[in-house]
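# Structural description and commentary
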Amino acid sequence: MKRYSALLCILALIIALAACGGESVTQETVRQKFPEYYDLNTAKGLEVYVWQTAENTYYCGILPGTNRTKMHEELGVLADHGATVEEMKVILSSYHLSKESIFITPCILPNSDFEYQIDDAYIQKVNALFADLE
């Protein structure tokens, strides 16, 4: 009886993991999750803000290019709609922009609990996350 119960628990765990871990990142699923990141004005490019929440965990937000420094309030709004790097790459691919029109900007959100410094090495590390953009 114990073996049967253990087998049922293992089977239930496998089913649960398969159900929650396999969502693919497609244009359709990302558009449904982040509609605010689509159909933005791209006349001055797009600004992708990237912040870190834990070791090797990054989230992104996107704003139309404006050639000005963004206010803390503008960046704070992005925190509520953070996309993973993989999701952001899918979003960016929908715009068909050149790499030169996409500005990757590391930032520290105003209410961040994770501490890090933005220096040249960190900027290179964040840019490397998007090195495969076409």
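So, a few notes on the structure that sits alongside this text. Nothing here was measured: the structure is a model prediction, and the numbers come from that model.

What follows concerns a nonpolar patch on the surface. Taken together, the side chains of Ile-108, Ile-118 and Ile-123 make up a nonpolar region of the molecular surface, amounting to roughly 200 Å² of accessible area. Locating Ile-118 in the fold gives a position in the loop between strand 4 (102-106) and helix 5 (120-129). Overall, the relative accessible area of 34% leaves Ile-118 in the partly exposed class.

Following the criterion strictly, the structure yields three aromatic pairs and no others. Aromatic side chains Phe-114 and Tyr-116 sit 5.9 Å apart centroid to centroid with 35 degrees between the ring planes, which places their arrangement in the tilted category. The class of Phe-114 is partly exposed, set by a relative accessible area of 23%.

This brings us to the sheet that holds strand 3 (residues 83-84). Read across the sheet, four strands follow the order 3-2-1-4 without closing on themselves; strand pairing throughout is mixed. For this open sheet the edge positions go to strand 3 and strand 4, each flanked by a neighbour on one side alone. Of the strand pairs in this sheet, strand 1 (residues 46-54) and strand 4 are connected by five bridges, and their pairing is parallel. Residue pairing across strands places Leu-46 opposite Ile-102, the latter belonging to strand 4. Contacting strand 1, strand 2 (57-64) and strand 4, helix 5 runs over the sheet at an angle of about 135 degrees to strand 4.

With that settled, consider the nonpolar core. Formed by 33 residues in total, the largest nonpolar core has its most connected members in Val-48, Val-50, Ile-62, Met-88, Ile-91, Leu-92 and Phe-130. Elements with a contribution of two residues or more to this core: strand 1, strand 2, helix 3 (72-79), helix 4 (85-93), strand 4 and helix 5. Val-50 has contacts with Tyr-58, Tyr-59, Cys-60, Ile-104, Thr-105, Pro-106, Cys-107, Val-126 and Phe-130, leaving out every residue within four places of it along the chain.

Here we come to the pairing of strand 1. With seven of nine residues buried, strand 1 is to be regarded as a mostly interior element. Between the end of strand 1 and the start of strand 2, which pair antiparallel, lie two residues, with Asn-56 showing a positive phi angle near 60 degrees.

Let's shift gears to unusual backbone geometry. You will see that Asp-39, though not glycine, has its phi angle at about 60 degrees, which is positive. With respect to the element layout, Asp-39 can be found in the loop between helix 2 (27-33) and strand 1. Residue Asp-39 is classed as exposed on the basis of its relative accessible area of 67%. Even without glycine at this site, His-96 takes up a positive phi of about 55 degrees. Considering the arrangement of structural elements, one finds His-96 in the loop between helix 4 and strand 4.

Time to look at the environment of Glu-36. The residue Glu-36 is located in the loop between helix 2 and strand 1 in this model. Overall, the relative accessible area of 32% leaves Glu-36 in the partly exposed class. Considered as a pair, Glu-36 and Leu-63 are 27 residues apart in the sequence and their alpha carbons are 9.5 Å apart. A distance of 3.1 Å separates the side chain of Glu-36 from the side chain of His-81, its partner in a polar contact.

Parameters at a glance
- Residues numbered from 1 in each chain as written.
- Predicted model: local features only at pLDDT ≥ 70, side-chain atom pairs only at ≥ 80, totals over all residues.
- Heavy atoms only, no water.
- Patch = residues over 30% accessible without salt bridge, like charges linked within 9 Å, V, L, I, M, F, W, Y side chains within 5 Å.
- Areas by Shrake-Rupley, 256 points an atom, 1.4 Å probe, with all protein chains shown as cover.
- Salt bridge = Lys/Arg side-chain N within 4 Å of Asp/Glu carboxyl O.
- Helix = DSSP H or I, 4+ residues; strand = E, 2+ residues; numbered from the N terminus.
- Buried < 20%, exposed > 50% of the residue type's maximum accessible area, 1.4 Å probe, protein only.
- Phe/Tyr/Trp six-rings, centres within 6.5 Å; stacked < 30°, edge-to-face > 60°.
- Pairing = 2+ DSSP bridges.
- Contact = heavy atoms within 4.5 Å.
- Axes fitted to C-alpha atoms, helices over the stretch in contact; angles between N-to-C directions.
- Core = buried A, V, L, I, M, F, W, Y, C linked by side-chain atoms within 4.5 Å.
- Polar contact = N/O pair within 3.5 Å; in protein donor to acceptor, adjacent residues only side chain to side chain.

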